[in-house]
Amino acid sequence: VQLQASGGGLVQAGASLRLSCALFGPTVSGYAIAWFRQVPGKERDAVAAISRSGAGTYYANSVKGRFTISRDSAKNTVYLQMNSLKPEDTAVYYCAIDPKIRWGTETDPKKYDYWGQGTLVTVSS
């Protein structure tokens, strides 16, 4: 199982970025998948998640209306579209999956065994 996150970068406040998480081995339609972010000295927090069926999604209050999680089965990739970025969105973003999560979405990072390497998003004011 391998996850490869990409798409981070340095942008100004108000800009958009799209993060990608390519899965090698598992298929996106067979797993609940989540995006987390972490800043130095703080815990890793869930930003968005999508259920195994794709019917359920979760968004942290701080990103609702600005971020969208989606998946492309043909490309076996999960995306996080981030619009209207703010300086407080600056963090390392990680994607994660775990086959044990069968129903709904999961926001506890301890429940995920498989992680991408992280991609840095920096938003300047």
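Each remark here, short or long, concerns the structure printed above.
All figures in this text were calculated on a predicted structure; none of them were measured in a lab. (Residues numbered from 1 in each chain as written. Predicted model: local features only at pLDDT ≥ 70, side-chain atom pairs only at ≥ 80, totals over all residues. Heavy atoms only, no water.)

With that settled, the discussion passes to the packing of aromatic side chains. According to the stated counting rule, one finds four aromatic pairs in the structure shown. Both rings, one in Phe36 and one in Trp115, keep their centres 5.0 Å apart while their planes meet at 50°; by these two values the pair is tilted. Here Phe36, found in strand E4 (residues 32-38), pairs with Trp115, found in strand E10 (residues 114-115); they are 79 residues apart in sequence, far enough to count as distant. Overall, Phe36 belongs to the buried group, its relative accessible area being 0%. Measuring from centroid to centroid gives 6.3 Å for Tyr94 and Trp115, while their planes differ by 85°, and the two rings are edge-to-face. Of this pair, Tyr94 sits in strand E9 (residues 91-98) while Trp115 sits in strand E10, placing them 21 residues apart in sequence. Judged by relative accessible area, Tyr94 falls into the buried class, the value being 14%. (Phe/Tyr/Trp six-rings, centres within 6.5 Å; stacked < 30°, edge-to-face > 60°. Helix = DSSP H or I, 4+ residues; strand = E, 2+ residues; numbered from the N terminus. Buried < 20%, exposed > 50% of the residue type's maximum accessible area, 1.4 Å probe, protein only.)

To continue, consider the sheet that holds strand E8 (residues 77-82). Taking strand neighbours across the sheet as the criterion, the four strands line up as E1-E3-E8-E7 in an open arrangement whose pairing is antiparallel. One side of each edge strand has no neighbouring strand; the edge strands of this open sheet are strand E1 (2-6) and strand E7 (67-72). Geometrically, the sheet is characterised by an average inter-axis angle of 15° between neighbouring strands, direction not taken into account. (Pairing = 2+ DSSP bridges. Axes fitted to C-alpha atoms, helices over the stretch in contact; angles between N-to-C directions.)

For the rest of this paragraph, the subject is the nonpolar core. With 29 residues, the main nonpolar core has Ile33, Trp35, Phe67, Ile69, Leu80, Met82 and Tyr93 as its most contacted residues. Of all the secondary-structure elements, those providing two or more residues to this core are E1, strand E3 (17-24), E4, strand E5 (45-50), E7, E8, E9 and strand E11 (119-124). In contact with Met82, not counting residues within four places along its chain, are Ala15, Ser16, Leu17, Leu19, Arg66, Phe67, Tyr93 and Val121. (Core = buried A, V, L, I, M, F, W, Y, C linked by side-chain atoms within 4.5 Å. Contact = heavy atoms within 4.5 Å.)

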